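Coordinate analysis (summary)
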Amino acid sequence: MTIFQNINRLVSYALKTGLIAKEDVTYTQNRLLELFRLDGFEGAETPKLPAVKTSDLEGILKELLDWAAANNVFEDTGIAARDLFDTKVMGLLVPPPSDVIEIFETLRADFSPKKATDWFYKFSQDTDYIRRYRVCKDLKWKAATPYGALDITVNLSKPEKDPKAIAAAKLAKQSGYPKCLLCPQNEGYAGRLNHPARQNHRIIPLTLNGEKWALQYSPYVYYNEHCIVLNQKHVPMKICRATFERLLDFVEQFPHYTLGSNADLPIVGGSILTHDHFQGGHYEFPMAKAPVETEIKFAGFPSVKAGIVKWPMSVIRLDCAKKEPLINLAEKILKKWRAYSDKAAFVFAKTDGTPHNTITPIARRRGELYELDLVLRNNITTEEHPLGVYHPHAELHHIKKENIGLIEVMGLAVLPSRLKKEMAALSDALVAGTDVRADELLAKHADWAEELKRKYTFSKDNVQKILKKEIAIVFSKVLEHAGVYKRSPQGKEAFLKFVQTVNQK
């Protein structure tokens with residue numbers, strides 16, 4: 001198709017998805033003509049808008065970018081450069097922040113918080129901030145484990161930069177603006193080779209615990225309506241009383257959402273510790289389905305129902321009809337845990353002045369109740385385990401080596417893209433009976449493969465199902481490795497010992 005046809009296809013897409021109104025058509029066409037350095041449409045009249053489908057967007061953008069690169073509108077140095085330019089294109093279709101906020105708040109006030117988030121999530125996809133055509137490439141499945149069904153995803157939607165793009169990014173000018181990927185200043189930002197463009201990105205201001213926060217979605221959506229709630233100030237992650245207040249305030253305002261915080265220490269925290277933020281969404285995680293296996297009581301909190309959750313990590317669950325008792329008890333548990341050491345269980349609050357204990361908190365509504373799950377974390381390292389004692393150990397690195405953050409804690413594995421190719425090759429090797437250890441790509445899986453061959457007889461019909469099941473079991477072991485008391489010789493006894501200290505004055 002010609003450049004003019006594709007411009008009109010894109011305008012038709014914007015009209016179909018509600019990004020623009022019919023009164024905006026000519027204005028939008030002219031802005032796109034300007035971007036592509038065109039003086040006007042061919043012929044005396046502007047051609048009529050063609051019918052398009054939402055799924056046509058990827059193809060439309062590809063053809064527009066191919067033409068733009070061939071005609072020197074931008075320099076195509078790889079996927080990073082193409083993402084910068086197509087985001088600039090989409091930015092011309094997106095209404096200003098004030099309009100987006102007005103629509104969201106009107107839906108929230110006149111209908112419901114869910115109606116508002118439903119609209120905002122679709123909007124964030126329609127603008128191509130969430131790239132539907134990439135997200136759908138992720139591999140996803142559920143599989144049974146001793147802790148119930150866990151969610152597994154192999155992340156294929158986050159593009160891997162090719163060597164050409166990496167070299168270009170290395171030469172790009174460094175900038176301290178925005179300070180990080182979560183700062184509100186990303187809204188509308190043009191980006192650069194080492195920082196994504198965000199002209200098509202919008203955020204919704206929120207007030208949590210009397211402070212200025214904002215709601216947005218993750219562009220990689222590992223689960224339904226994967227949202228990020230960020231502090232409007234660039235301040236570091238910190239788990240404290242205010243964290244519990246903010247989390248419970250959010251789930252009061254948006255009771256259909258779960259919201260949690262990564263821990264605030266390296267190894268057990270998320271990938272961005274420099275900017276205070278939460279993650280959540282309209283999704284029931286496996287942890288939320290896990291039952292309480294041992295009920296416990298905390299002195300002075302008769303209205304709070306508490307228990308230890310049947311989960312591969314060390315989780316205390318608190319339920320209450322009111323927020324204040326939950327906040328008070330959560331703060332007490334956090335303070336006790338920060339200072340707690342138990343040499344026999346290899347739990348040390350500090351070594352050489354470096355703190356190790358923290359909590360990963362998750363908030364949700366359970367009917368009329370408020371619920372908090374408090375996951376005990378410790379980031380101590382040793383010579384034997386330099387990446388962390390309570391971190392996946394070396395024998396599990398063939399599947400998962402990265403930090404265990406909030407999403408994994410809740411039972412959703414985000415596994416590296418390399419596994420798609422490796423599992424396909426491993427499937428063939430297991431069926432053919434070839435030597436996995438001799439294969440450079442698969443050697444890391446050799447011990448695991450030998451264990452599997454002792455358990456199963458593989459065929460083309462069953463190999464994929466077995467591998468998916470066994471990957472989930474490996475992930476449950478990954479979580480056990482991150483669980484402070486799960487591999488301790490004292491186990492639950494040591495866990496209950498800590499609980500008893502919370503009851504001490």
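Here is a short report on the structure shown in this document. (Residues numbered from 1 in each chain as written. Predicted model: local features only at pLDDT ≥ 70, side-chain atom pairs only at ≥ 80, totals over all residues. Heavy atoms only, no water.)

**What to know about the pattern of salt bridges**
Counted only if it meets this: Should a side-chain nitrogen of Lys or Arg be within 4 Å of a carboxyl oxygen of Asp or Glu, the pair is scored as a salt bridge. Only DSSP runs of H or I covering at least 4 residues are called helices, and only runs of E covering at least 2 are called strands; the numbering of each starts at the N terminus. Note on classification: 1.4 Å probe, protein chains only; a residue is buried when its accessible area is under 20% of the maximum for its type, exposed when over 50%, partly exposed between these limits.
For the coordinates displayed, the defined rule picks out 35 salt bridges. Across the pair E324 and R241 runs a salt bridge whose closest N-O atoms are separated by 2.9 Å. One end of the pair, E324, is in helix 11 (residues 323–338); the other, R241, is in helix 9 (residues 241–253), with 83 residues separating them in the sequence. One salt bridge in this structure joins E408 and K400, with 3.0 Å as the shortest N-O distance. On the accessibility criterion, E408 (8% relative accessible area) is buried. According to the relative accessible area criterion, K400 is buried, its value standing at 3%. Bridged by salt links that share partners, the residues D83, D86, D128, R131 and R134 form one connected network.

**Some points on the sheet that holds strand 2 (residues 150–154)**
For the record, the criterion: Strands are treated as partners if at least two bridges between them are detected by DSSP. All axes here are fitted lines through C-alpha atoms, helices being fitted over the stretch that makes contact, and every angle between N-to-C directions spans 0 to 180 degrees. We call two residues in contact when some of their heavy atoms are within 4.5 Å.
One open sheet holds the 3 strands; their spatial order is 1-2-15, and the pairing between them is mixed. This sheet does not close on itself; its edge strands, each paired only once, are strand 1 (139–143) and strand 15 (412–415). Averaged over neighbouring strand pairs, the angle between their axes works out to 20° when direction is ignored. Docked against the sheet, helix 15 (residues 463–482) engages strand 1, strand 2 and strand 15, running at close to 105° with respect to strand 2.

**Let's talk about helix 4 (residues 79–91)**
Note on helix geometry: an α-helix contains 3.6 residues per turn, so any two residues three or four positions apart are oriented the same way. As a reminder of what qualifies: One fewer than the residue count of a helix, multiplied by 1.5 Å, yields its expected span.
With 13 residues, helix 4 should cover 18 Å at 1.5 Å per step; its first-to-last C-alpha distance of 18 Å lies within 8% of that length. Within helix 4, 11 of the 13 residues are buried, which leaves it mostly tucked inside the rest of the structure.

**Focus: the environment of V25**
Structurally, V25 can be placed in helix 2 (residues 25–35). Linking V25 and T382, residues 357 residues apart in sequence, is a C-alpha distance of 63 Å. Those residues within four positions of V25 in sequence are excluded, and the remaining contacts are V11, L15, I20 and L49.

**Notes on the sheet that holds strand 13 (residues 357–366)**
Across the sheet, which stays open at both edges, the 10 strands sit in the order 3-4-5-7-6-13-14-10-9-8 with antiparallel pairing between neighbours. If you trace the sheet from one side to the other, it starts and ends with strand 3 (204–208) and strand 8 (292–296), each paired once. Going from strand to strand, the sheet's axes swing by 25° on average, the running direction of each strand aside. Relative to strand 9 (residues 305–309), strand 8 runs antiparallel, the two being bridged by 4 bridges. Pairing of T294 across the sheet is with I308, part of strand 9.

**Quick look at the packing of aromatic side chains**
Put simply, the test is: Between rings of Phe, Tyr and Trp, where Trp is taken as its six-membered ring, a pair exists when centres lie within 6.5 Å; planes separated by under 30 degrees are stacked, by over 60 edge-to-face, and by other angles tilted.
Counting across every chain of the model gives 25 aromatic pairs. Ring geometry for F104 versus F120: centroids 5.9 Å apart, planes at 80°, classification edge-to-face. Residue F104 is found in helix 5 (residues 97–110), and its partner F120 is found in helix 6 (residues 113–126); the two are separated by 16 residues along the sequence. There is no split in this pair, since F104 and F120 are both buried. Geometrically, the ring pair formed by F104 and F254 is tilted, given 6.4 Å between the ring centres and 45° between the ring planes.

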